[in-house]
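Working through the structure, step by step
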Amino acid sequence: MGQEWDAIIVGAGIVGLAAGRELARRGARILIVEQQTATSGATQASAGILAPHIEASGDDALHRLTTRSLGLYDAFVAGVEQDAGTTIEYGRRGTLELATTAGAAERLAALGGTLERAGVSAQWMDGAEAARLEPAITTPLGALFIGAHGYIRVAELTAGLLAAARAGGAELLEHRKAEAITPQDDGTVTLRIGRKTLRAPAVVIAAGSWSGLVGPAGPAVTPVRGQLLELRWTGPAITRVLWSEDCYIVPWSDGRLLVGATVEEAGFDQWNTVAGVRALLEAACRLLPAAGSATFMAARAGLRPRSADGVPFIGRAPGHPGIVYATGHYRNGVLLAPLTAALVADLVLGDGADPALALTALAR
Ligand code: GLY
């Protein structure tokens, strides 16, 4: 039983691919094992929104992690584009969060003030000004614009990450189940794939909602289904990511819109439902009066892995230092990818002394 790899990564979603690319970039020999095909899990149903001040505004630890990761994004995308020899659609034109009730208006105006005091540029505006900025929307009571936010086209990012990881020597095995992940007395970890047993100094478990079921001492994560629609839009141009009380809209440069997302505990059921698709279509029509004439292109569903406190698990398995978990990213897998990749690479190759690891440790 040879030891060809410095680390074996279980899972080829956004987290596994970002970690694989970062480890390969730092010179490690990497094997990525995926039970299905790369990016077939929650990643393929992700909208790619980069919005920590919306997604994480209620949680200090998550807010710190997501804002730090957003700060890494420009260099992350540029690096992947360079390593992969590709271009990735990535926009930082902000989010416009719309209030259609007095309660939401009060909350968003207050959030804008809090962000400004913290040094984050945020602009509260009345409904008429919001409709001037985005003529496609139903005029709201008011709206909060946060300019630092953005989006990325996830399939382009993951294709770039895979190409960049491969350019660094990483290998991907698809349709292979990693079983019997076992820490050995010499500090290495063995893993069985079919009839083969592989050994490496480190195994990284980045299997999304399945992570807690794959290796020893795994953290508890709950699958939370998200359904997402793709429309072809022919109405007035939409420039910013739009966020209403019951859906968000991500406009791509080619005229497609993503409409997301449901938040449902449905076990491991990854199918779109009539109720989910209908709710998103109705929400889109309320937000965009012209949505009825958009073309329905696709519906997707994925299982976001949620930890009990909403903060991801990035850290060593208690009692098993050769096993590193990177899961529980819930709504922010894409946003947290650059930071997660760096933390995982530090844990595998370095001392893992980054203070963020105290927030993400499995025993916290
Ligand atoms: N980050 C958006 C979502 O999970 O729906």
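Shown above is the structure to which this text applies.
Residues numbered from 1 in each chain as written. Predicted model: local features only at pLDDT ≥ 70, side-chain atom pairs only at ≥ 80, totals over all residues. Heavy atoms only, no water.

Note on placement: alanine 24 falls in helix 1 (residues 14-25). For the pair alanine 24 and aspartate 6, spaced 18 residues apart in sequence, the C-alpha to C-alpha distance is 9.7 Å. Once you skip the residues sitting within four places of it in the chain, alanine 24 turns out to touch Ile30, Ala165, Gly168 and Ala170. (Helix = DSSP H or I, 4+ residues; strand = E, 2+ residues; numbered from the N terminus. Contact = heavy atoms within 4.5 Å.)

To continue, consider the side chain of threonine 262. Along the chain, threonine 262 turns up in the loop between strand 17 (256-260) and helix 8 (274-287). Reaching out from threonine 262, the side chain makes a polar contact with the side chain of glutamate 264 at a distance of 2.5 Å. (Polar contact = N/O pair within 3.5 Å; in protein donor to acceptor, adjacent residues only side chain to side chain.)

With that settled, consider empty space enclosed by the protein. Using the criterion set out here, one finds one cavity of 30 Å³ or more in the structure. In this structure, the largest cavity spans a volume of roughly 30 Å³. Forming the walls of the largest cavity are Gly91, Arg92, Arg93, Gly94, Gly150, Tyr151, Thr239, Arg240 and Val241. Of the residues belonging to the lining of the largest cavity, the class tally is two nonpolar, four polar and three charged. (1 Å grid on protein atoms, 1.4 Å probe; cavity = no way out; pocket = protein on both sides within 12 Å on 5 of 7 lines; lining within 4 Å. Points joined across faces, edges and corners; volume = space filled by probe spheres on them. Nonpolar A, V, L, I, M, F, W, Y, C, P; charged D, E, K, R; others polar.)

Attention now moves to the sheet that holds strand 8 (residues 150-152). Taking strand neighbours across the sheet as the criterion, the three strands line up as 3-8-4 in an open arrangement whose pairing is antiparallel. Two strands in the sheet have a free side with no partner beyond their single neighbour: strand 3 (49-50) and strand 4 (90-91). Sheet topology note: the strand 3/strand 8 ladder contains two bridges and is antiparallel. Within strand 8, the position partnered with leucine 50 by the bridge is glycine 150. (Pairing = 2+ DSSP bridges.)

With 16 residues, helix 4 (residues 102-117) extends 23 Å between its outermost C-alpha atoms, agreeing within 8% with the 22 Å of an ideal straight helix rising 1.5 Å per residue. Turning to helix 4, its buried residues are Ala104, Ala105, Leu108, Leu111, Gly112 and Leu115. Here the buried residues of helix 4 occupy an arc of 130 degrees about the axis, which is enough to place them on one side. Within helix 4, the exposed residues directed more than 90 degrees away from the buried face are Ala102, Glu106 and Arg117. The positive-phi residue at the C-terminal boundary of helix 4 is glycine 119, with phi of around 90 degrees. (Expected span 1.5 Å × (residues − 1). Buried < 20%, exposed > 50% of the residue type's maximum accessible area, 1.4 Å probe, protein only. Arc of directions from axis to C-beta.)

Let's shift gears to the site of the ligand. Close contacts around the ligand come from Glu55, Tyr248, Ala261, Arg304 and Arg331, and that covers them all. Note that a nitrogen atom of the ligand is positioned 2.6 Å from one of the side-chain N or O atoms of glutamate 55. Arginine 304 is positioned with one of its side-chain polar atoms (N or O) 2.8 Å from an oxygen atom of the ligand. Burial of the ligand by the surrounding chains reaches 90%, relative to a free accessible area of 200 Å². Looking at side-chain class alone, the shell around the ligand contains two nonpolar, no polar and three charged residues. (Near = heavy atom within 4 Å. Areas by Shrake-Rupley, 256 points an atom, 1.4 Å probe, with all protein chains shown as cover.)

Here the focus is the pattern of salt bridges. All told, the structure shown has 25 salt bridges when counted by the stated rule. Linking glutamate 89 and arginine 153 is a salt bridge whose minimum nitrogen-to-oxygen distance equals 3.2 Å. Linking glutamate 89 in the loop between helix 3 (60-84) and strand 4 with arginine 153 in the loop between strand 8 and helix 6 (154-167), this pair joins segments that are 64 residues apart in sequence. For glutamate 89, a relative accessible area of 13% corresponds to the buried category. When salt bridges with common partners are traced through the structure, they connect Glu89, Arg153, Glu156, Glu230, Asp254, Arg256 and Arg300 into a single cluster. (Salt bridge = Lys/Arg side-chain N within 4 Å of Asp/Glu carboxyl O.)

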